[in-house]
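Remarks on the overall topology
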Amino acid sequence: MDFTFSDEQQMLRDSVSAFLLKNYDFDRRNAIVRSDAGWSREVWQQFAKLGLLALPFAEDRGGLGGSMADLVAIAEPFGAHLLAEHYTASAMLGGAALALAGDGSPAAGWLDKVITGEAIAALAYEEGPGTPDPSLIQAVVERQGSGFSLSGEKRMVLGGGDADVLVVVARLEGALALFAVEPAVQGITIRPYATIDGRRAANIAFDTVAIPAEALILADAGDALRGVLDRAILALCAESVGAMGALLRQTAEYAATRKQFGVPIATFQAVAHRLADMKIAYTKARATLLYTTALIDTGRATPKDIAILKGQTGKLGRALGEAAIQTHGGVGMTDELSVSHLHKRILANDALLGNAEYHLRKVGVLA
Amino acid sequence: MNIDFGSELETFRAEVCAFLDTAPTPAIREAGRKLTSVFAQFDQVMEWHRILYHQGWSAPHWPKEHGGTGWSVEQKYIFAEEYRKRDLPPLLPQGVGMVGPLLIDIGTEEQKAKYLPGILKGEDFWAQGYSEPNSGSDLASLQCRAVADGDDYIINGSKIWTTYAHHANRMFMLVRTDSSGKKQQGITFLLLDRMDYPGMTVRPIIGLDGFPEQCEVFFEDVRVPQSGRVGAENDGWSVAKHLLKHERGGGAQSPTLKRGLERIREAAQTTPSGFGTMLAEDPVFQRDIGELEADIASFEHFEKLAVSGHPVAADPAYPSINKTMNSELTQRVTVMLTQAVGNEALPLQLEALRVGANVEPLGSDLDLIAMPWYLNSRATTIYAGSNEVQRDLIARTVGREG
Ligand SMILES: Cc1cc2nc3c(=O)[nH]c(=O)nc-3n(C[C@H](O)[C@H](O)[C@H](O)COP(=O)(O)OP(=O)(O)OC[C@H]3O[C@@H](n4cnc5c(N)ncnc54)[C@H](O)[C@@H]3O)c2cc1C
C-alpha cells in the first residue's frame, strides 16, 4: 500500500501550485471573477501548455492518460486557490462525456478542441433543484426523421454559458443517452449567471430542439455516465479538500496572531479545541480522498465508496468552513479575506451532484 | 400556571392583523420577503418604521410617556408573532432597541427631548460605534481617542463593523478619554449628531453575502460637542453595560424561527430526496426537521416563560442563554433551508435581491434568499458578544441557579 503521490505527481502538483502562486493570488483571482467573462482565457491557455487540459484523457484520444491520482494532485491546489476557470466543468464533466464518443464523430472532434484549449465543454446534467441520482433525469429525446428532438430544462450547468459544446443527458426510449449539442441551435435558451463561489454556470432550456443523428454520443449511457460523474465527484471533493487545507492553514495563522485580552486567541481553550476539530476534520476528509482515489484508479470503487467520499467531504468541509469563519470573527464575515470564498466553494461543491445529506443516507441504504 | 392569552386579547390580535395586512406598502413587503439578515433593506425598513410610528406602534416596549404602546407582555408577543408571520421587515434595532431605551433610562432631559422623537418617528438612524480593528471581544481595550478641548471633544481613531454607518445620520460610540488606569475606566459614551463632521469618513465593507452591511468609520481630528456625552466622562463602560441589557435582552424571536421552519417545509415540497419522494415526505428529512422544530419549540417555551415573569429570566445567565440559543437556532434554520433548496441556492443573485429589482429571480423567493441568509447568519454567533464569550459568562453562573 502506498497513498502518497509519486515523484512525477508531486512534480506536477508543485508546478501547478507554483503557477497559481505566481499568477493566481487572491487579488488576481478576484479581478478575474469580477471581469465580464468571469474566467481567464490566458490562464486557460497556460493550462493547455502545462498539459493539464490533456491530462485526464486517454493517449489514443490525444490525451496524456493521467490517472485520478494525477488529477487529485492538481485539483487540491485548484481548490486552495479558488480556481474560477472551468477545469472540472470542461475537462472532468463535459470533456469526459465527449470522450465516450466513437472516433470520427463530431463529439470526438470537439474533444480534440477541448484538449487543446480551443473549446470549452459542459455537461448539461442536473435538473430542478438538483439531481443526486441519474434516475431523476426528465429531459427527453425523441426520434425525429433521421435525427432527434430534445426537450427539457437543465439547471446549474457549470460552464454552461461559456461552453462551445454541451453534452446533454436526456432520456431516449427510457434509457439515458448523451448528445453533443451546440449551444447556438434554435430552441435553446441559455440563462448564464455567476455562482456564489465565483464560477460561471447557466440554466439551459431546450424546447423541441432538432439535433442531427451524429450528435448522439452514446445511447444507453447509464453506466458510462455514472463513471463520469464518479470521477467528477472525486475532482470536486479534491478541490474541497484543498480548500479545507487552505482554511485550516489560514485560520491557524490568524488565531496565532490575532490578540484579544492581551493574548493570541489561539490560547483560549474554546478556540484551541475548535482548531483541533478543524484539523481532525481535514485529516479525516483527506484520508478518505486519497483512499478513494486509489480505489478508483484500481477500478475497485463501489457506489458506496463514492457516497462516503462525497458525504464526508460535504459534512466535514461545511463544519471546517463554519469554524474558520467563527474563529476569524468579524473579518471572517467579509468578502475581503479568502476565508468566506473558500467556504462558499466547499458549500457549492457539496450541493452539486447530491449533497452530504443525500450521500450519507445513501451509504446507509447501500447496506 | 396559566397558558392562555385570555379572550380579550383576540380582539387585540384582530386589530393587529387588520393593520399588518393593510398598512405595509408593496415595497415594504418585498423588503420583508427578501430579508436575509437581521438588518432589512434600509429605505423600506425606515419607511415602514414611519408608518408604524403613525399608528403609534414603532416602539412597543418603550414606556408610554415616551411613545411606547403600554401593551402587556402578551400583547407584545402577539404583535411580534403576527408581524413575523407576514414576513415584514423588523425595525432596525440600534435606535428603538438600543440607544432609545438607554436615553430613557439615563439620558439627560435635554438629550431625551432632542433625540427620542427622531428615534421614535424613524427620522434618524443611529449607528453603533463600539468595535475597533483591535478591540472586538475585548471591547474594553478600545483605543479611539477623544481629547477634551473647550466645550468639545476631538476624536481620532477608527471604528469597524459599524452596521449601516453608510446610511446613518447619527452615531453612538465609545471613546477612550483616559489611558492611565484599568482599561474599563477611561471610556466615555458619546452621541454624535452627524455622520458628516469634518474629518469623519465612512467606508462600507462588502460582506460574504455580497452586500455592504458593516462599515469602517475613520476619525481625523473630528470635533464634537461634549453635550453629547451620556453619563460621566470615563464612566462610559457602565453606560455601555447598561445598554447591553437592551441589546441582548430577550423578546419574541421564536416566531421568526418558526416562520423559517415553515419555509423549509415549503421548499422541501419540491426538492427530490433522491430516494423516491420529495424531501417533505422523506423520513430522514422529517426526523431532522422534527429535531429542529422541537428545539425551536423549547426556545419558544423559554421565551414565553421569560416574558411572563418566570424566574428563568432573573437568572444572571438569562441574556447569554437567550442569545446563544437564538443565534444557533437561526443558523440551523438557514443551513436546513439551503439544503432544502439544493442547487438553487448556488446562483449569485445580488440584483434580484434588491427591493425594486428589475431582473427576475432564477427560481422562487426561497431559492433567492436561502444562501445569502445562511451566509449572513454566520454573524449571529459572532456579534453582540460571540457565543464563546457567552458560554464563558454562562459557565460562571453554573451552580448558582438558586
Ligand atoms: C454582522 C455584524 C454586525 C456588527 N455590527 C456592529 C455594530 O453595529 N457596531 C459595533 O460596534 N460592532 C459591530 N459588530 C462587531 C462585533 O461586535 C464583533 O465582531 C465582535 O465583538 C467580535 O469581535 P471581533 O470580530 O474582533 O472578533 P475577535 O474578538 O477577534 O474574536 C475572534 C474569535 O475569537 C474568539 N474569542 C475571543 N475572545 C475569546 C475568549 N476570551 N474566549 C474564547 N474565545 C474568544 C471569538 O469568539 C471569535 O471566535 C458587528 C459584527 C458583525 C459580524
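Just so you know, these numbers come straight off a predicted model, no measurement behind them. (Residues numbered from 1 in each chain as written. Chains lettered and ligands numbered in written order. Predicted model: local features only at pLDDT ≥ 70, side-chain atom pairs only at ≥ 80, totals over all residues. Heavy atoms only, no water.)

**What to know about the UniProt feature "domain: Acyl-CoA dehydrogenase/oxidase N-terminal" (unreviewed entry) in chain A**
Mapped onto this structure's residue numbering, the UniProt feature "domain: Acyl-CoA dehydrogenase/oxidase N-terminal" (unreviewed entry) falls at residues 6-118 of chain A. With 63% helix and 0% strand, residues 6-118 of chain A has end C-alpha atoms that lie 30 Å from one another. (UniProt positions renumbered as here; feature names shortened; annotations may be inferred. Helix = DSSP H or I, 4+ residues; strand = E, 2+ residues; numbered from the N terminus.)

**Some details on the site of the ligand**
Around the ligand, 27 residues are found, and the nearest of them are Gln326 of chain A together with Gln128, Ser137, Ser386 and Glu388 of chain B. Between the ligand and Gln128 of chain B there is a distance of 2.6 Å, counted from a nitrogen atom to a backbone nitrogen or oxygen. Here an oxygen atom of the ligand sits 2.6 Å away from a polar atom, N or O, in the side chain of Ser137 of chain B. When grouped by side-chain class, the residues that make up the shell around the ligand number ten nonpolar, 13 polar and four charged. (Near = heavy atom within 4 Å. Polar contact = N/O pair within 3.5 Å; in protein donor to acceptor, adjacent residues only side chain to side chain. Nonpolar A, V, L, I, M, F, W, Y, C, P; charged D, E, K, R; others polar.)

**Points about the domain arrangement of chain B**
All names here are of chain B. Under the domain assignment used here, chain B contains domain 1 (7-91), domain 2 (127-235) and domain 3 (253-401). Using only C-alpha atoms to locate each centre, domain 1 and domain 3 end up separated by 21 Å. Every contact between the two is made by 18 residues of domain 1 and, on the other side, 22 residues of domain 3. The contact between domain 1 and domain 3 buries some 1,700 Å² in all, and 55% of this surface belongs to carbon and sulfur atoms. Contact with domain 3 buries area across many residues of domain 1, yet Lys34, Thr36 and Tyr77 alone supply 38% of it, more than any other trio. On the surface where domain 1 and domain 3 come into contact, there are three salt bridges. Here Arg33 makes a salt bridge to Asp365, at a shortest N to O gap of 3.3 Å. Between the two partners, domain 1 and domain 3, sit ten residue pairs in polar contact (both at pLDDT 80 or more). Mapped onto the side of domain 1 that touches domain 3, the elements with two or more residues apiece are helix H2 (26-33) and helix H4 (73-85). (Domains from an automatic or database assignment. Contact = heavy atoms within 4.5 Å. Buried area = accessible area lost by both parts, 1.4 Å probe. Salt bridge = Lys/Arg side-chain N within 4 Å of Asp/Glu carboxyl O.)

**Things to note about H2 of chain B**
Buried within H2 of chain B are the following residues: Ile28, Glu30, Ala31 and Gly32 of chain B. Here the buried face of H2 of chain B lies against helix H3 (42-55) of chain B. (Buried < 20%, exposed > 50% of the residue type's maximum accessible area, 1.4 Å probe, protein only.)

**Quick notes on the domain arrangement of chain A**
Residues and elements named next belong to chain A. Looking at the assigned domains, one finds that chain A contains domain 1 (7-116), domain 2 (121-220) and domain 3 (223-366). If you average the C-alpha positions of domain 2 and of domain 3, the two centres end up 30 Å apart. At the boundary of domain 2 with domain 3, total buried surface from both sides reaches about 1,300 Å², with 65% on carbon and sulfur atoms. Per-residue buried area on domain 2 facing domain 3 is highest for Pro132, Ile196 and Arg199; these three make up 38% of the total on that side. Run the count over domain 2 and domain 3 and you get two salt bridges. Ionic pairing is found between Arg345 and Asp197, a salt bridge with its closest N-O pair at 2.6 Å. Remark: the boundary between domain 2 and domain 3 carries three residue pairs in polar contact (both at pLDDT 80 or more).

**Digging into the UniProt feature "domain: Acyl-CoA dehydrogenase/oxidase C-terminal" (unreviewed entry) in chain A**
UniProt annotation of "domain: Acyl-CoA dehydrogenase/oxidase C-terminal" (unreviewed entry) refers to residues 231-363 of chain A when read in the numbering used here. Secondary structure across residues 231-363 of chain A comprises 78% helix and 3% strand; the distance between its end C-alpha atoms is 18 Å.

**Overview of a nonpolar patch on the surface**
A surface patch of nonpolar side chains, amounting to about 400 Å² of accessible area, comprises Met1, Phe3 and Tyr291 of chain A. Residue classification places Met1 of chain A among the exposed positions, given a relative accessible area of 92%. (Patch = residues over 30% accessible without salt bridge, like charges linked within 9 Å, V, L, I, M, F, W, Y side chains within 5 Å. Areas by Shrake-Rupley, 256 points an atom, 1.4 Å probe, with all protein chains shown as cover.)

**Here's the deal with the pattern of salt bridges**
Applying the stated rule across the entire model yields 46 salt bridges over all chains. A salt bridge links Arg226 of chain A to Asp230 of chain A; the shortest N-O distance between them is 3.3 Å. Of the two residues, Arg226 of chain A and Asp230 of chain A both sit in helix H7 (residues 222-257), four residues apart, roughly one turn of that helix. Overall, the relative accessible area of 22% leaves Arg226 of chain A in the partly exposed class. Relative accessible area serves as the criterion here: at 16%, Asp230 of chain A is assigned to the buried category. Asp87 of chain B serves as the salt-bridge partner of Arg259 of chain B, at 2.7 Å between the closest nitrogen and oxygen. Of this pair, Arg259 of chain B sits in helix H8 (residues 254-268) while Asp87 of chain B is found in the loop between H4 and helix H5 (93-106), placing the two residues 172 residues apart along the sequence. In this structure Arg259 of chain B comes out as buried when scored by relative accessible area, which is 13%.

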